[in-house]
Amino acid sequence: MHGAEPGDVFLADCPARLAVEVIADKWAVVVLWGLNDHARRHSELIELIGGISKKVLTQTLRRLQANGLVTRADHGGVPPRVEYDLTDLGRTLMGPVRMLTEWAEQNGDAVLAAQESP
């Protein structure tokens, strides 16, 4: 945002706020990371991620599709074969996601300690 003060980057009409809203969902970053290497089927993502219900994964994939980060390819057949993959836009998030992962690895213990303190 040109001409904005540094503190204004998260105002309602600002792109930075939009970016945070897109990936702030509990499962969004995990699902994106699960698609980092290659396209995957719904059942593969369930198994890879663990702890996510089919319904929540479907909702998350739909949101990521609506935001232009994931594609859905229906290859037909019986049973139907549907795969999800990152779009070029979705791939641009892998660098920042990798940075968040590294931060979590370096600081996870400190965050857990803070959560446990009174």
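I will try to describe carefully the structure that is included in this document. (Residues numbered from 1 in each chain as written. Predicted model: local features only at pLDDT ≥ 70, side-chain atom pairs only at ≥ 80, totals over all residues. Heavy atoms only, no water.)

**A word on unusual backbone geometry**
Here is the rule: Under the scheme used here, helices are H or I runs from DSSP no shorter than 4 residues and strands are E runs no shorter than 2 residues, and both carry numbers assigned from the N terminus.
The step from Val78 to Pro79 runs through a cis peptide bond, and the omega angle for that step is -5°. You can see Pro79 is positioned in the loop between strand E2 (70–74) and strand E3 (82–86).

**With respect to helix H6 (residues 94–116)**
We count it as follows: Helices are assigned an expected span. That span is 1.5 Å times one less than the residue count. The term bend refers to the angle at a residue between two fitted axes, each drawn through seven residues, those ending there and those starting there.
An ideal rise of 1.5 Å per residue puts 33 Å on 23 residues; H6 measures up with 31 Å between its terminal C-alpha atoms. When the local axis directions of H6 are compared, the greatest deviation, roughly 60°, occurs at Asn107.

**Regarding the layout of surface pockets**
Definition in use: As defined here, a cavity is a set of points on a 1 Å grid over the protein atoms alone where a 1.4 Å probe fits but cannot get out. A pocket is an open set with protein on both sides within 12 Å along at least five of seven lines, and residues line them when an atom is within 4 Å of a point. Grid points are joined across faces, edges and corners, and a volume is the space filled by probe spheres set on the points. Under this grouping Gly is polar, as are all residues other than the nonpolar Ala, Val, Leu, Ile, Met, Phe, Trp, Tyr, Cys and Pro and the charged Asp, Glu, Lys and Arg.
Of the voids in this model, the largest pocket is the one considered here, and its volume is about 190 Å³. If you list the elements that add at least two residues to the lining of the largest pocket, you get helix H2 (28–34), helix H3 (42–49) and H6. Per-element accounting of the lining of the largest pocket gives the leading share, four residues, to H2. Per-class residue counts for the lining of the largest pocket are eight nonpolar, two polar and two charged. Considering only enclosed or pocket space, the second largest pocket measures out at about 170 Å³ in volume. Along its surface, the second largest pocket is lined by Pro15, Leu18, Ala19, Val20, Val22, Ile23, Asn67, Leu69, Leu89, Thr92, Leu93 and Pro96. Element by element, the count of residues in the lining of the second largest pocket is highest for helix H1 (residues 15–23), at six residues. By residue class, the composition of the lining of the second largest pocket is 10 nonpolar, two polar and no charged.

**Quick word on the side chain of Arg40**
The condition that has to hold: Accessible area is worked out with a 1.4 Å probe on protein chains only. A residue is then buried under 20% of its type maximum, exposed over 50%, and partly exposed in between. A positive count includes Lys and Arg, and a negative count includes Asp and Glu. His and the chain ends are not counted in either. Salt bridge, as applied in this entry: a Lys or Arg side-chain nitrogen positioned within 4 Å of an Asp or Glu carboxyl oxygen. Definition of a polar contact: a pair of N or O atoms within 3.5 Å, with one able to donate and the other able to accept a hydrogen when the atoms are protein atoms, and with sequence-neighbouring residues admitted only if both atoms are side-chain atoms. Note on contacts: a residue pair is in contact if any heavy atoms of the two residues lie within 4.5 Å.
Along the chain, the position of Arg40 falls in strand E1 (residues 40–41). Buried and without a salt bridge, Arg40 has Asp37 as its closest oppositely charged side chain, separated by 4.2 Å. A polar contact is formed between the side chain of Arg40 and the backbone oxygen of Gly34, at a distance of 2.6 Å. Not counting the four nearest positions on each side in its chain, Arg40 is found in contact with Gly34, Leu35, Leu45, Leu48, Val82, Glu83 and Tyr84.

**Some words on the pattern of salt bridges**
The full count for this structure, using the stated rule, is three salt bridges. Among the ionic pairs, Glu83 bridges to Arg81, the shortest N-O distance being 3.4 Å. Asp85 serves as the salt-bridge partner of Arg91, at 3.2 Å between the closest nitrogen and oxygen. For Asp85, a relative accessible area of 21% gives the class partly exposed.

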